[in-house]
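Here are the chains, one letter per residue:
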Amino acid sequence: MPVPFFTLDRQIPKMQKEIEKSLQAVIQSGKFILGPNVAALEEEIAAYCGTRFSVGVASGTDALHLALRAAGVKAGDEVITSPFTFVATIEVICYIGAKVVFADIDPETFNLSFQKIAEKITPKTKAILPVHLYGQMCDMEKIMALAKKHNLVVIEDACQAIGAKMNNKKAGSFGEAGGFSFFPTKNLGAFGDGGIISTNSEEIANACKVLRGHGSQQTYMYEAIGYNSRLDEMQAALLRIRLKHLDTWHKQRQENAHFYCQKLKDVEEIKLPKILPGAEHIYNQFTLRTKTRDALKKFLAEKQIGSMVYYPLSLHLHPAYQFLGYKKGDFPESESAQSEVLSLPIFPELTKKEIKEVCSGIKTFFSKK
Ligand SMILES: *Cc1c(COP(=O)(O)O)cnc(C)c1O
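In this text, all values refer to a predicted model and were calculated from it rather than measured experimentally. (Residues numbered from 1 in each chain as written. Predicted model: local features only at pLDDT ≥ 70, side-chain atom pairs only at ≥ 80, totals over all residues. Heavy atoms only, no water.)

**Q** So what's going on with the site of the ligand? Which residues, and what values?
**A** Around the ligand lies a shell of 15 residues, among which Gly-60, Thr-61, Gln-160, Ser-181 and Lys-186 are the nearest. Interatomic distance of 2.8 Å between a side-chain N/O atom of Asp-157 and a nitrogen atom of the ligand. Lys-186 is positioned with one of its side-chain polar atoms (N or O) 2.8 Å from an oxygen atom of the ligand. Compared with its free state, where it exposes 380 Å², the ligand has 92% of that area covered by protein. Put simply, the parts of the chain that give the shell around the ligand at least two residues each are α3 (60-70) and α4 (88-96). Partitioning the shell around the ligand into residue classes produces five nonpolar, eight polar and two charged. (Near = heavy atom within 4 Å. Polar contact = N/O pair within 3.5 Å; in protein donor to acceptor, adjacent residues only side chain to side chain. Areas by Shrake-Rupley, 256 points an atom, 1.4 Å probe, with all protein chains shown as cover. Helix = DSSP H or I, 4+ residues; strand = E, 2+ residues; numbered from the N terminus. Nonpolar A, V, L, I, M, F, W, Y, C, P; charged D, E, K, R; others polar.)

**Q** Now, about the sheet that holds strand β13 (residues 341-344): what can you tell me, with residues and values included?
**A** Pairing is antiparallel in the open sheet, where three strands are placed in the order β10-β12-β13. Pairing within the sheet leaves two strands with one partner each, and these edge strands are β10 (270-271) and β13. Bridging between β10 and strand β12 (residues 286-290) involves two bridges; their strand directions are antiparallel. Residue pairing across strands places Ile-270 opposite Thr-290, the latter belonging to β12. (Pairing = 2+ DSSP bridges.)

**Q** Could you give an account of helix α8 (residues 233-243), with specific residues and numbers?
**A** Taking burial as the measure, the eleven residues of α8 include nine buried ones, the bulk of the element. Of the positions making up α8, those classed as buried are Glu-233, Gln-235, Ala-236, Ala-237, Leu-238, Leu-239, Ile-241, Arg-242 and Leu-243. If you follow the buried residues of α8, they end up packed against α1 (12-29), α2 (36-49) and α9 (246-264). The N-terminus of α8 is capped by Asp-232, whose side-chain oxygen sits 3.1 Å from the backbone nitrogen of Met-234. (Buried < 20%, exposed > 50% of the residue type's maximum accessible area, 1.4 Å probe, protein only. Contact = heavy atoms within 4.5 Å.)

Structure (structure tokens):
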């Protein structure tokens, strides 16, 4: 039985009518940019994240970029982040002309190690950009204490972690700001690109609003060199409908994860995801690790079972980032994770039967070895 890695086919039809009605209303309104749906979504997301403000932008990448700029990160500043993440995390640092400083990850959560961050702080460090990878938050309380001690800005890459919690506090509400992505495969996805910034700072919220609209607050008056980075009304209208289901989808993903863990707990060759005390994981990905990752992935693919590798090469080893001056061996945990991680299907509508199929595939693979 084939099992898709990810599909929206089982979700969209259930809300098709509601979506069509809402998009039709946007079409009829003739207001496509920064209208009532974006404003309402911004309020709803701020309430959802437990922050005072949120600012809709064109993508998760832009959310991080604008948040860094609005928080005062400038060319030449050092920004500490993870080499084991999606490339956008470091692109945004480079856009500003700031310096990417990598710290290695914790091998159990794949998130930035607090100790490794501490070792990388210099007088030039301006910010920490922790990434809540796969949907589990970094150890934010420790990171915030460290930032406070050294007077650093913290911008959370929460693109995979909308709704994730640490001690009941949501992703994007710890640092000066958080960036979220509405890319279709994220837990809250749009029908295209989109993103949003969360913040408790009125100053950062206003600065992000100015930057997303060409550096202008008052029409045709420019106070900064800005961008065209707005979330549009069609996406916002759709996202408002989908947001109502988000917690249910998180719960379904968590149940799927729990079922995988039950079924796979006796397979010695794999390490299951580790949840930090106090953390609520929203499983944008369910990622295990195994020494025979490539062979397992191939075996599952032959059975038409989808799986993915996030991410196959640490960012410090890519051609575009050689200028940063790192080399192989600099981040051993990240480099070992790149050859051992495998993400399994986890989307909310996945059935128990499908999970059993994936697990029996994995068990067959290891019993043959
Ligand atoms: C998806 C993602 C981004 C970028 O989001 P886009 O909306 O695709 O620009 C940034 N960081 C991480 C960790 C992501 O997963």
